[in-house]
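A structural walkthrough
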Amino acid sequence: MAKSDLDRGSRAFTRKLKRYSIFSIARHAGNYHQEWQQAWSHAEPKTAYDAVIIGGGGHGLATAYYLANIYGMTNIALIEKGWLGGGNTGRNTTIIRSNYMWDESAAIYEHALKLWEGLSQDLNFNVMFSQRGVLTISHSEHELREMSRRVHAIRLNGIDSDMLSPAAIKKLVPMINIEPNIRYPVLGGFLQKRAGTARHDAVAWGYARAADELGVDIIQNCEVVGLRRNKDKIIGIETTKGNIKTPKVGCVVAGHSSVLADMANIKLPIASRPLQAIVSEPIKPILDTVIMSNAVHMYISQSDKGEMVLGAGVDKYNSYAQTGSWPIPEHMVAAAVDLFPFLSQLRMLRQWGGIVDICPDASPIISKTDIRGLYFNCGWGTGGFKATPGSGHIFADLIANDRPNSIALPYSLKRFETGFLIDEHGAAGVAH
Ligand code: FAD
Ligand code: PYC
């Protein structure tokens, strides 16, 4: 065993001992979070690694964790230009579901959902996964028929999904207005009971801590500014903390995927757009289901802190500014108040935006490129949080084995040449 492996092993062991001992709990009980053990170390880049993952969101961190945990690749680094989870991972509205239309989507989103179901145990970190159910409502007869067609497809893939009448919806969500004379009358809906939410930053922190314990170097405040290649082979990266040699680079940078791809003269079929959300002041628990309306681009849930979390449709222009235009939340709030009149009594606390990377078919890219050793995982658009564990798991497999497994294969960049697109605009609809 190399000395660096021993160092890593003892680093993890000492940290675990300090963290879990009863003395540690007693010592920290009265000191208001002072002297707490850091959950992961702040590494400085070495000159070379076996692989480098660019992007410290949930997908990048999950990739690094599975590379180390499953494939034993521990001489790797994760490079983040800001702070972990500061991109879309910490900005999303945390909806997790696997009720997509096509078989390829069922495979990947259900793979992720199954991993979510054991994630807190796997990471030994409470990611607060809550299977409170996700209800999608319909406001027209036509939408209802389309919904029932999708429910049949979902069930054929063995995934739970049930159509609900307005009365059943009212029973499940007493706060909803199902009067027939409102602007967006509720004609029915469908529910995935195993779907739900998780605490998004805990997901980043949990993966970071677990990856760090396995020896992954997590390097923050370090921007990748160039990709180095020798003809058709990747040989390293250029960063604001110096150059790093590596034969494998995984890019997982969501809204900035085209920027990274441009460094390798690759054009990705991606539009980068702002997606906005808002939260209200906290109130007592009144909503224990997630509700989405694709037709009006409105979705709502209540966070564990009591805030009402509301999200809107994607902005209609490309941008890298993490904000968004006013008419989008204004339209969404009008619909939300129509459906949930109690919202008019609440003050909104915060609004924010994230930059999402949307493919023409609203499905992701998990792919090798024409440059050997350069891989992309992106294009999750408005709906990648739910995929975080599955995406990292599959991307790690692609990087370690340099070939896509059966779940990843349909998500190759080649589909934009062959035309085998996986059109999920309908299922991604709420934010599209
Ligand atoms: P990110 O978390 O964005 O991570 C990418 C990281 O790469 C960033 O931290 C960034 O700083 C870093 N980076 C970029 N360029 C560089 C560089 N040159 N060098 C180093 N680092 C770099 N999805 C759902 O499934 N359910 C939802 O309810 C949901 N709601 C959403 C609501 C909003 C408002 C938004 C914005 C998104 C929502 N999404 C949702 C989408 C989801 O957030 C994303 O698909 C997912 O978080 C993407 O994760 P990621 O790890 O790929 O990206
Ligand atoms: O993909 O479920 C989703 C989603 C909801 C809000 C934004 N994305």
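Below is a summary of the structure that appears in this document. (Residues numbered from 1 in each chain as written. Chains lettered and ligands numbered in written order. Predicted model: local features only at pLDDT ≥ 70, side-chain atom pairs only at ≥ 80, totals over all residues. Heavy atoms only, no water.)

The subject of this paragraph is the site of ligand 2. Every residue close to ligand 2 is listed here: Thr93, Ile95, Arg97, Met292, Tyr299, Thr382, Gly383, Lys386 and Val430. Contacts to ligand 2 include Arg97, whose side-chain N or O atom sits 2.7 Å from an oxygen atom. Between ligand 2 and Thr382 there is a distance of 2.7 Å, counted from a nitrogen atom to a backbone nitrogen or oxygen. Residues of the shell around ligand 2, tallied by class, amount to four nonpolar, three polar and two charged. (Near = heavy atom within 4 Å. Polar contact = N/O pair within 3.5 Å; in protein donor to acceptor, adjacent residues only side chain to side chain. Nonpolar A, V, L, I, M, F, W, Y, C, P; charged D, E, K, R; others polar.)

Here the focus is the packing of aromatic side chains. Under the definition given, this model contains eight aromatic pairs. Each member of the aromatic cluster is reached from another via a ring pair, and the members are Tyr65, Tyr66 and Tyr207. (Phe/Tyr/Trp six-rings, centres within 6.5 Å; stacked < 30°, edge-to-face > 60°.)

Further remarks concern the side chain of Asp357. With respect to the helices and strands, the residue Asp357 is situated in strand 17 (residues 348-358). Buried and unpaired, Asp357 has Arg415 as its nearest opposite-charge partner, separated by 10 Å. A distance of 2.6 Å separates a polar side-chain atom of Asp357 from the backbone nitrogen of Gly379. In this structure, Asp357 is in contact with Ala254, Gly255, Ser257, Ile270, Ala271, Cys378, Gly379, Trp380 and Gly381, ignoring residues within four places of it in sequence. (Helix = DSSP H or I, 4+ residues; strand = E, 2+ residues; numbered from the N terminus. Buried < 20%, exposed > 50% of the residue type's maximum accessible area, 1.4 Å probe, protein only. Lys, Arg positive; Asp, Glu negative; His and termini not counted. Salt bridge = Lys/Arg side-chain N within 4 Å of Asp/Glu carboxyl O. Contact = heavy atoms within 4.5 Å.)

One can find Ser161 in the loop between helix 6 (141-156) and strand 5 (162-164). Overall, the relative accessible area of 2% leaves Ser161 in the buried class. Not counting residues within four places of it along the chain, the set of residues in contact with Ser161 comprises Val151, Ile154, Arg155, Phe190 and Leu191.

As a further point, take empty space enclosed by the protein. Applying the stated criterion across every chain yields a total of one cavity of 30 Å³ or more. By volume, the largest cavity amounts to about 70 Å³. Around the largest cavity sit 13 residues that line it, and Ala362, Trp380, Thr382, Gly383 and Ala428 are the ones nearest its centre. Looking at the lining of the largest cavity residue by residue, the classes come out as seven nonpolar, six polar and no charged. (1 Å grid on protein atoms, 1.4 Å probe; cavity = no way out; pocket = protein on both sides within 12 Å on 5 of 7 lines; lining within 4 Å. Points joined across faces, edges and corners; volume = space filled by probe spheres on them.)

Further remarks concern the packing of helix 3 (residues 58-71) against helix 11 (residues 388-401). With their axes 7 Å apart at the nearest point, helix 3 and helix 11 run at an angle of 55° to one another. With respect to helix 11, the element helix 3 is oriented oblique. In this structure, helix 3 crosses over helix 11, and the sense of that crossing is right-handed. Facing Gly58, His59, Ala62, Thr63, Tyr66, Leu67, Ile70 and Tyr71 of helix 3, the residues of helix 11 in contact are Thr388, Pro389, Ser391, Gly392, His393, Phe395, Ala396, Asp397, Ile399, Ala400 and Asn401. The class makeup of the residues in the contact of helix 3 with helix 11 is 10 nonpolar, eight polar and one charged. (Axes fitted to C-alpha atoms, helices over the stretch in contact; angles between N-to-C directions. Parallel < 35°, antiparallel > 145°, perpendicular 65-115°, else oblique. Left-handed = near helix turned anticlockwise from the far one by under 90°.)

The three strands are arranged 9-10-11 in an open sheet whose pairing can be described as antiparallel. Bordering the open sheet on either side are strand 9 (224-230) and strand 11 (242-245), each of which pairs with just one other strand. Here the strands of the sheet are splayed against their neighbours by 25° on average, with no regard to which way each runs. Two elements, strand 10 (residues 233-239) and strand 11, share four bridges in a ladder whose sense is antiparallel. The partner of Thr239 across the bridge, within strand 11, is Gly242. (Pairing = 2+ DSSP bridges.)

Time to look at the site of ligand 1. Within the structure, ligand 1 sits among 38 residues, and Glu80, Asn88, Thr89, Thr93 and Lys386 are positioned closest to it. Gly383 places a main-chain nitrogen or oxygen 3.1 Å from an oxygen atom of ligand 1. The backbone of Lys386 places a nitrogen or oxygen atom 2.8 Å from an oxygen atom of ligand 1. Taking 1,000 Å² as the accessible area of ligand 1 by itself, protein coverage stands at 96%. At the level of secondary structure, the elements contributing two or more residues to the shell around ligand 1 comprise helix 3, strand 13 (271-282) and strand 17. The biggest single contributor to the shell around ligand 1 is strand 13, with three residues. Looking at the shell around ligand 1 residue by residue, the class counts come to 15 nonpolar, 18 polar and five charged. (Areas by Shrake-Rupley, 256 points an atom, 1.4 Å probe, with all protein chains shown as cover.)

Core analysis: the largest hydrophobic core is formed by 51 residues, its most contacted members being Leu61, Ile108, Trp116, Leu123, Tyr207, Ile218 and Ile366. Only strand 1 (51-54), helix 3, strand 2 (76-79), helix 4 (103-117), helix 5 (119-123), helix 8 (200-213) and helix 11 provide two or more residues apiece to this core. In contact with Tyr207, not counting residues within four places along its chain, are Gly58, Leu61, Ala62, Tyr65, Tyr66, Leu119, Leu123, Thr388 and Pro389. By size, the runner-up hydrophobic cluster in this structure holds 29 residues, among which are Tyr49, Leu260, Cys378 and Leu413. (Core = buried A, V, L, I, M, F, W, Y, C linked by side-chain atoms within 4.5 Å.)

With 14 residues, helix 11 should cover 20 Å at 1.5 Å per step; its first-to-last C-alpha distance of 20 Å lies within 8% of that length. Within helix 11, burial applies to Thr388, Pro389, Gly390, Ser391, Gly392, Ile394, Phe395, Ala396, Asp397, Leu398 and Ile399. (Expected span 1.5 Å × (residues − 1).)

What follows is about the pairing of strand 14 (residues 290-293). Where a strand is regular, its side chains alternate between the two sheet faces. Burial along strand 14 is two-sided: Val290 and Met292 and Ile291 and Ser293, pointing in opposite directions, are all buried. Note that strand 4 (residues 134-138) and strand 14 share four bridges and pair parallel. Among the inter-strand pairings, Ile137 is bridged to a residue of strand 14, identified as Ser293. Inspection of the sheet shows strand 14 paired to strand 15 (residues 298-302) by three bridges, in the antiparallel sense.

Everything listed here is a matter of coordinates, which is why it stays silent on function.
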